[in-house]
Amino acid sequence: MKAWLNGNIVEQDSILVSPLSQSFSRGTALFEVLEVVKSHRGPAIFGLKEHLDRLFNSARLTFMELPDSVGRDTLTAAVMGVLSANGIDSGIVKIFLYYPVPEYACVPSDLRVDAAVFCARMDTRSDGHAVRACVSPYRKLDPQTVPVHAKSAGNYINAYLALADAQRRGFDESILLDTGGFVAEGSTSNIFIVKRGAVMTPTLRSILPGITRMFILDILKGVLECAEGDITDGELKAADEAFFSNSVERVMPVLSIDGAPLGAPCPGPVTERVIREIASVIEGRNSAFARWLTPVA
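Here is a short report on the structure shown in this document. These numbers come from a predicted model, not from an experiment. (Residues numbered from 1 in each chain as written. Predicted model: local features only at pLDDT ≥ 70, side-chain atom pairs only at ≥ 80, totals over all residues. Heavy atoms only, no water.)

### Quick word on the sheet that holds strand β5 (residues 91–98)
Now for step 1: Read across the sheet, 7 strands follow the order β2-β1-β6-β5-β3-β4-β16 without closing on themselves; strand pairing throughout is antiparallel. Pairing within the sheet leaves two strands with one partner each, and these edge strands are β2 (8–11) and β16 (293–295). Neighbour-to-neighbour, the strand axes of this sheet turn through a mean angle of 30 degrees, independent of strand direction.
Now for step 2: With 4 bridges connecting them, strand β1 (residues 2–5) and β2 associate as antiparallel partners. Among the inter-strand pairings, Trp4 is bridged to a residue of β2, identified as Ile9. (Pairing = 2+ DSSP bridges. Helix = DSSP H or I, 4+ residues; strand = E, 2+ residues; numbered from the N terminus. Axes fitted to C-alpha atoms, helices over the stretch in contact; angles between N-to-C directions.)

Spelled out as structure tokens, the structure:
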């Protein structure tokens, strides 16, 4: 496989980073995962602008000063370049920004930032596949401790522990509460619940602002009653439906929580409608949201 590193297409295996690099040892690497879909107009990148917006915001939140060579146009060209070099028309792209220089200090003294872009083919999806979830004993990182809106590698020890614990106990996915006891998000997904046909999702207070979450909120305007707000553990378990969203699985209906089935068939009618609405955009039946798709050059 080919990858992109600092302006050049190279062999993926040639990109090596020392364990002593500041980003490896301190978890300061930033990243984004983008979906490449087979749209009605050919291969397209889903939410490219929104992913790059979040990446640059992550750099701002974590004090990473990006060189002029790492800009929106450069990274867009890099994404297009690796997809073309590998002939990928359906799959994922992963962008990294990181400090590559070996350092022992907590704060890097060498502020050089490397940028790398990888891609992988993904011909099948788990979109619509029901999962068994549990409420995690781990709480979501508090926004007063780290910038939770940054997609930073170090923040993901929280997700790793929650998901590993869930899988050890026989579940597919975990749901983290925040330090106030309200529902926050899944291990690597945002979460929505449905009650009496109305959709609710947690506020952005303590969660990563998911791109697919943003898209779902966008397409549901004027279609279904949808709101952001605090969701208690009791409201979560009393929901008629629930589903996760992220950039890889897209939509995952929740079959049960802590072993107890939810109140509607899975996927429920609202979840199925969300899946159909997303498909209508990708398949070209809903041109109102065509801005979310960037054709692969």
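### Considering the pattern of salt bridges
Now for step 1: For the structure shown, the criterion picks out 19 salt bridges.
Now for step 2: The salt bridge partner of Asp53 is Lys49, with a shortest N-O separation of 2.7 Å. Residue Asp53 and its partner Lys49 are located together in helix α2 (residues 48–61), separated by 4 residues, close to a single helical turn.
Now for step 3: Assessed through its relative accessible area of 30%, Asp53 is described here as partly exposed. (Salt bridge = Lys/Arg side-chain N within 4 Å of Asp/Glu carboxyl O. Buried < 20%, exposed > 50% of the residue type's maximum accessible area, 1.4 Å probe, protein only.)

### Some remarks on the environment of Ala238
Now for step 1: In this structure, Ala238 sits in the loop between α6 (233–237) and β13 (241–246).
Now for step 2: Of the residues examined, Ala238 reaches a relative accessible area of 41% and is grouped as partly exposed.

### Points about the packing of aromatic side chains
Now for step 1: Overall, the coordinates contain 7 aromatic pairs when judged by the stated rule.
Now for step 2: When the centroid spacing of 5.2 Å and the interplanar angle of 55 degrees are considered together, the rings of Phe31 and Tyr156 count as tilted. With Phe31 in strand β3 (residues 30–39) and Tyr156 in helix α4 (residues 156–168), this pair connects stretches of sequence that are 125 residues apart.
Now for step 3: Classification of Phe31 by relative accessible area gives buried; the value is 9%.
Now for step 4: Measuring from centroid to centroid gives 6.0 Å for Phe96 and Phe118, while their planes differ by 80 degrees, and the two rings are edge-to-face. Residue Phe96 is located in strand β5, and its partner Phe118 is located in strand β6 (residues 114–121); the two are separated by 22 residues in the primary sequence.
Now for step 5: On the accessibility criterion, Phe96 (22% relative accessible area) is partly exposed.
Now for step 6: Here a set of aromatic residues connected by ring pairs shows up, and it is made of Phe31, Phe96, Phe118 and Tyr156. (Phe/Tyr/Trp six-rings, centres within 6.5 Å; stacked < 30°, edge-to-face > 60°.)

### As for the nonpolar core
Now for step 1: Leu75, Leu83, Val93, Ile95, Leu97 and Val117 are the most contacted members of the largest nonpolar core, which totals 26 residues.
Now for step 2: Secondary-structure elements contributing two or more residues to this core are β3, α2, α3 (72–86), β5 and β6.
Now for step 3: Ranked by the residues each element gives to this core, the list is headed by α3, at 6 residues.
Now for step 4: If we ignore the near neighbours within four places in the chain, the residues touching Val93 are Glu32, Val33, Leu34, Val36, Val79, Leu83, Val117, Phe118 and Cys119.
Now for step 5: By size, the runner-up hydrophobic cluster in this structure holds 24 residues, among which are Val199, Leu224, Trp292 and Leu293. (Core = buried A, V, L, I, M, F, W, Y, C linked by side-chain atoms within 4.5 Å. Contact = heavy atoms within 4.5 Å.)

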